[in-house]
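Residues per chain, in single letters:
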Amino acid sequence: METLVKKIDNSSIELAAKLLNQGDLVAFPTETVYGLGADATNDRAVASIFEAKGRPQFNPLIAHIADISWIDGFAVMSKCAKKIAETFWPAPMTLVMNRSEKCPISLLVSAGLDTVAVRFPNHKVAQDMIKAFGKPVAAPSANISGTVSPTTAEHVYQGLNGRIPLILDNGPCKIGVESTVLDVRGDLPVLLRAGGLAVEEIEEKTGLKVLFPDKDPELPRSPGQLLSHYAPKLQVKLNVEEPIEGWAMLGFGKVKNATLNLSEKADVKEAATNLFAYMRLLDKECYKGICVSPIPNNDLGLAINDRLKRAAYPH
């Protein structure tokens with residue numbers, strides 16, 4: 001598959017929206033870096049992001065929106081979140097909030113956490129594409145995992161040609177570094193990642209002190225860093241070949257008597273789309289614990305096993 005690179009016009013925006021609706025990936029420009037977008041409500045489309053990037057872990061992704069009003073559908077805004085959003089958005093700034101009770105955003109976007117990271121980009125092309133699509137777009141940077149973030153369409157093409165159908169080309173990004181990420185669930189914002197919006201400007205314009213987790217071990221850290229961060233309440237055992245009496249069995253491949261099966265076809269991509277949802281479904285008091293079939297440690301299997309090891313870590 002040769003990746004198309006399209007200059008910005010109405011037809012290219014319409015094509016991007018069409019591809020997103022089909023569950024495909026689209027690289028698009030923002031004011032920070034180019035993003036690799038997928039339908040944030042489509043588990044399989046989100047899994048494709050990790051596959052295309054060769055991303056070794058299911059790190060939380062950012063859900064991009066085109067209007068603040070969209071937040072009401074999937075996240076809970078604290079007073080702190082509302083003040084910062086109304087002061088700055090659209091901006092190179094991402095806010096981490098609690099997921100709402102019936103949040104339609106894929107659990108893969110949240111990496112299984114009860115939070116969701118949201119950004120309203122200050123870029124007309126990104127806004128036009130998201131509006132045309134009509135739903136939040138999940139997007140990390142549009143590059144192979146571990147490589148330098150892309151600030152031009154050419155950078156994206158060099159890394160992802162043949163892996164995605166479309167790159168929207170709007171020239172170089174203005175800022176060139178990723179967005180500032182703030183945890184805004186409490187009374188004061190906590191800096192999870194420094195980025196395109198300065199802490200000093202946030203404090204000056206809102207009157208809110210920005211807290212730094214590295215200076216205070218009691219403060220929350222960036223999602224995904226704690227070993228037991230993804231743990232269900234029940235004990236988890238890995239690499240179990242056959243069901244254990246009284247335990248829920250999370251199968252993979254041809255496993256007899258599995259309570260739930262991540263993928264009967266032994267498809268790691270399908271397993272990735274089901275992982276977090278199935279773990280939650282099995283985390284019930286009626287079971288003694290959750291045992292999990294062996295998962296091959298290749299492709300998205302690396303990410304699945306990373307999360308399962310965290311889930312099984314003593315807590």
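The structure we're discussing is the one just above.
Structure report, in brief. (Residues numbered from 1 in each chain as written. Predicted model: local features only at pLDDT ≥ 70, side-chain atom pairs only at ≥ 80, totals over all residues. Heavy atoms only, no water.)

## As for the overall build of the chain
Part 1 of the reasoning: Counting its secondary structure elements, the chain contains 8 helices and 15 strands.
Part 2 of the reasoning: Relative to its length of 315 residues, the chain is compact, with a C-alpha radius of gyration of 20 Å against a globular reference of 20 Å.
Part 3 of the reasoning: In terms of overall dimensions, the chain has C-alpha extents of about 55 × 50 × 30 Å along its principal axes.
Part 4 of the reasoning: Looking at the 315 residues of the chain, the share that counts as buried comes to 52%.
Part 5 of the reasoning: Within the chain, residue pairs in contact and separated by at least 24 positions form 67% of the contacts whose partners lie at least 6 positions apart.
Part 6 of the reasoning: Roughly 14500 Å² of accessible area belongs to the chain as shown, and the carbon and sulfur atoms make up 48% of that amount.
Part 7 of the reasoning: Here the chain contributes 35 positively and 36 negatively charged side chains, and the mean placements of these two sets differ by 1 Å. (Helix = DSSP H or I, 4+ residues; strand = E, 2+ residues; numbered from the N terminus. Rg over C-alpha atoms; globule rule 2.2 N^0.38 Å. Buried < 20%, exposed > 50% of the residue type's maximum accessible area, 1.4 Å probe, protein only. Contact = heavy atoms within 4.5 Å. Areas by Shrake-Rupley, 256 points an atom, 1.4 Å probe, with all protein chains shown as cover. Lys, Arg positive; Asp, Glu negative; His and termini not counted. Charge placed at Lys NZ, Arg CZ, Asp CG, Glu CD.)

## Re the packing of helix H1 (residues 10-21) against helix H4 (residues 124-133)
Part 1 of the reasoning: At a closest axis distance of 8 Å, the pairing of H1 and H4 adopts a crossing angle of 50 degrees. Here H1 lies oblique to H4, going by the angle between them. Every pair of crossing elements has a handedness; the one defined by H1 and H4 is right-handed. Between H1 and H4, the residues in contact are Ile13, Ala16, Ala17, Leu20 and Asn21 and Val125, Asp128, Met129, Ala132 and Phe133, respectively.
Part 2 of the reasoning: Looking at the contact of H1 with H4, its residues break down into 8 nonpolar, 1 polar and 1 charged. (Axes fitted to C-alpha atoms, helices over the stretch in contact; angles between N-to-C directions. Parallel < 35°, antiparallel > 145°, perpendicular 65-115°, else oblique. Left-handed = near helix turned anticlockwise from the far one by under 90°. Nonpolar A, V, L, I, M, F, W, Y, C, P; charged D, E, K, R; others polar.)

## A look at the nonpolar core
Soluble globular proteins tend to pack their nonpolar side chains together in the buried interior.
Part 1 of the reasoning: Counting 74 residues, the largest nonpolar core has Phe58 and Trp89 as the members making the most contacts within it.
Part 2 of the reasoning: Tallying contributions element by element places helix H7 (residues 268-282) first for this core, with 7 residues.
Part 3 of the reasoning: When near neighbours in sequence (up to four residues on either side) are disregarded, phenylalanine 58 contacts Phe50, Leu108, Ala111, Ala272, Leu275, Phe276, Leu300, Ala303, Ile304 and Arg307.
Part 4 of the reasoning: Phe28, Val125, Phe133 and Leu168 belong to the second largest nonpolar core, which has 17 residues in total. (Core = buried A, V, L, I, M, F, W, Y, C linked by side-chain atoms within 4.5 Å.)

## Here we look at the layout of surface pockets
Part 1 of the reasoning: Roughly 630 Å³ of volume is contained in the largest pocket.
Part 2 of the reasoning: In terms of lining, the largest pocket is formed by 35 residues, of which the most central are Arg55, Pro60, Ile62, Pro140 and Arg193.
Part 3 of the reasoning: For the lining of the largest pocket, the elements supplying multiple residues, two or more each, are strand S4 (62-64), strand S6 (93-99), strand S7 (115-119) and strand S11 (190-193).
Part 4 of the reasoning: Per-element tally for the lining of the largest pocket: the top contributor is S7, with 4 residues.
Part 5 of the reasoning: Looking at side-chain class alone, the lining of the largest pocket contains 14 nonpolar, 16 polar and 5 charged residues. (1 Å grid on protein atoms, 1.4 Å probe; cavity = no way out; pocket = protein on both sides within 12 Å on 5 of 7 lines; lining within 4 Å. Points joined across faces, edges and corners; volume = space filled by probe spheres on them.)

## Quick look at H1
Part 1 of the reasoning: Taking 1.5 Å of rise per residue, 12 residues should cover 16 Å, and H1 covers 17 Å from first to last C-alpha, within 8% of that figure.
Part 2 of the reasoning: Among all positions in H1, only Ser12, Ile13, Ala16, Ala17, Leu19 and Leu20 are buried. Angularly, the buried residues of H1 cover 160 degrees about the axis, an arc narrow enough to put them on a single face. Residues of H1 that are exposed and point more than 90 degrees away from the buried face comprise Asn10, Glu14 and Lys18.
Part 3 of the reasoning: Where the residues of H1 are buried, they touch strand S1 (4-7), strand S2 (26-28), strand S3 (35-39), H4, strand S8 (137-138) and strand S9 (166-169). (Expected span 1.5 Å × (residues − 1). Arc of directions from axis to C-beta.)

## Describing the packing of H7 against helix H8 (residues 300-312)
Packed helix pairs are characterised by how far apart their axes lie and by the angle those axes make with each other.
Part 1 of the reasoning: Running from N to C, H7 and H8 cross one another at 20 degrees; their axes reach a closest spacing of 9 Å. Classified by the angle their axes make, H7 and H8 are roughly parallel. Once H7 is placed against H8, the crossing between them reads as left-handed. Taken together, the residues of H8 that come into contact with H7 (itself represented by Val268, Lys269, Ala271, Ala272, Leu275, Phe276 and Met279) are Leu300, Gly301, Ile304, Arg307, Leu308 and Ala311.
Part 2 of the reasoning: Broken down by class, the residue content of the contact of H7 with H8 amounts to 10 nonpolar, 1 polar and 2 charged.

## What to know about the side chain of serine 12
Part 1 of the reasoning: Considering the arrangement of structural elements, one finds serine 12 in helix H1.
Part 2 of the reasoning: A residue is classified by how much of its surface remains accessible, and serine 12, at 2% relative accessible area, is buried.
Part 3 of the reasoning: Within the structure, serine 12 has its side chain in polar contact with the backbone oxygen of lysine 7 (distance 3.0 Å). (Polar contact = N/O pair within 3.5 Å; in protein donor to acceptor, adjacent residues only side chain to side chain.)

## Comments concerning the sheet that holds strand S13 (residues 248-251)
Part 1 of the reasoning: A sheet is described by the order of its strands in space; here 4 strands give the open sequence S12-S15-S13-S14, paired in parallel fashion. The two strands at the open ends of the sheet, each matched to only one other strand, are strand S12 (235-237) and strand S14 (260-261). (Pairing = 2+ DSSP bridges.)

## Focus: the pairing of S11
Part 1 of the reasoning: Bridging between strand S10 (residues 180-183) and S11 involves 3 bridges; their strand directions are antiparallel. Within S11, the residue paired with leucine 182 across the bridge is leucine 191.
Part 2 of the reasoning: With antiparallel pairing between neighbouring strands as the criterion, S10 and S11 make up a hairpin whose turn holds 6 residues.

## A short note on unusual backbone geometry
Part 1 of the reasoning: A cis amide bond links tryptophan 89 to the next residue, proline 90, at an omega of 0 degrees.
Part 2 of the reasoning: Within the secondary structure layout, proline 90 lies in the loop between helix H3 (79-88) and S6.
Part 3 of the reasoning: The residue alanine 111 is not glycine, and still its phi comes out positive at about 55 degrees.
Part 4 of the reasoning: Mapped onto the elements of the fold, alanine 111 is located in the loop between S6 and S7.
Part 5 of the reasoning: Phi at asparagine 239 takes a positive value of approximately 55 degrees, unusual for a residue other than glycine.
Part 6 of the reasoning: Its place among the elements puts asparagine 239 in the loop between S12 and S13.

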